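# Commentary on secondary and tertiary structure
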Amino acid sequence: MSNTPIPTRGPGDVSQVYGDDWSDKEVFLQAAGLYRDIDRSNPRHVLIYWVNAALSGGLEVWDITQLEVHGNWHQYHYPNALKVDTKERTRNRTISLGIFTSEQREQLLELAADVEYDQTTTESRVWMRELLAKMVEESLISRRLFNSIREDIPLPCG
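Note that the structure is predicted; figures quoted are calculated from it, not measured.

Cut-off values and rules
- Here the residue numbering is sequential within each chain, running from 1 through the sequence in written order.
- Per-residue local features of the predicted model are confined to residues with pLDDT of at least 70, and side-chain atom pairs are confined, for both listing and counting, to 80 or more; whole-chain, interface and lining totals are unaffected and use all residues.
- To obtain the side-chain values, all non-hydrogen atoms of the structure were included, while hydrogens and water were left out.
- Note on method: axes are straight lines fitted to C-alpha atoms, helices fitted across the in-contact stretch only, with angles between N-to-C directions ranging 0 to 180 degrees.
- Note on conventions: DSSP H or I runs of at least 4 residues are helices, E runs of at least 2 residues are strands, and numbering of each starts at the N terminus.
- Roughly parallel covers angles under 35 degrees, roughly antiparallel covers those over 145, roughly perpendicular covers 65 to 115, and oblique covers all other angles.
- Left-handed describes a crossing in which the near helix is turned anticlockwise from the far one by less than a right angle; the clockwise case is right-handed.
- Working rule for contacts: check all heavy atoms of both residues, and any pair within 4.5 Å makes them a contact.
- When residues are sorted by character, Ala, Val, Leu, Ile, Met, Phe, Trp, Tyr, Cys and Pro go into the nonpolar class, Asp, Glu, Lys and Arg into the charged class, and all the rest, Gly among them, into the polar class.
- Think of it this way: DSSP has to see at least two bridges between two strands before they count as a pair.

## A word on the packing of helix α2 (residues 102-114) against helix α3 (residues 124-137)
Relative placement of two packed helices is described by the angle separating their axes and the distance separating the axes. Running from N to C, α2 and α3 point in directions that differ by 135 degrees, and their axes come no closer than 9 Å. Between α2 and α3, the angle falls in the class oblique. For the pair α2 and α3, the crossing hand works out as right-handed. Every residue of α3 that contacts α2 at Leu108, Leu111, Ala112 and Asp114 is listed here: Trp127, Leu131, Lys134 and Met135. For the contact of α2 with α3, the residue count by class is six nonpolar, no polar and two charged.

Written out as structure tokens, the structure is:
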């Protein structure tokens, strides 16, 4: 039996105002910071996003897929569209996963909802590794890209 909770709307979600327009979009994986920390006790947070809207003042609305940290526990939220400063692209390691159709993005969200995790012990890189592995199985990304991301971020071996 899974300890995985049902996804809930993310705090600050603006998807009802800035929803997905169902066009083809580039999807990105982002890891906190430009470089990985040598200190293994300081793991990088990782997320997947695509842009739903470009706003004034250097802001974009990102549709974000992540295992979000809330103090000592984690939660997968969906929908989770947030206003983000475009500078976040250059402050953090950003990797293109490719151009996804709306159907492929929906498939990605379904896979994310199916990734099992424990709210208190699973950290974002482990959850993301599982999601990316499912994406390889469903041919949303290549095995080569998965291996490159796993080494670059790095993601723990599973």
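Next comes the rest of the account.
## Regarding the pairing of strand β4 (residues 67-70)
The sheet contact formed by β4 and strand β5 (residues 73-76) spans four bridges and is antiparallel. Residue pairing across strands places Val69 opposite His74, the latter belonging to β5. Linking β4 to β5, which pair antiparallel, is a turn of two residues; within it Gly71 sits at a positive phi near 65 degrees.

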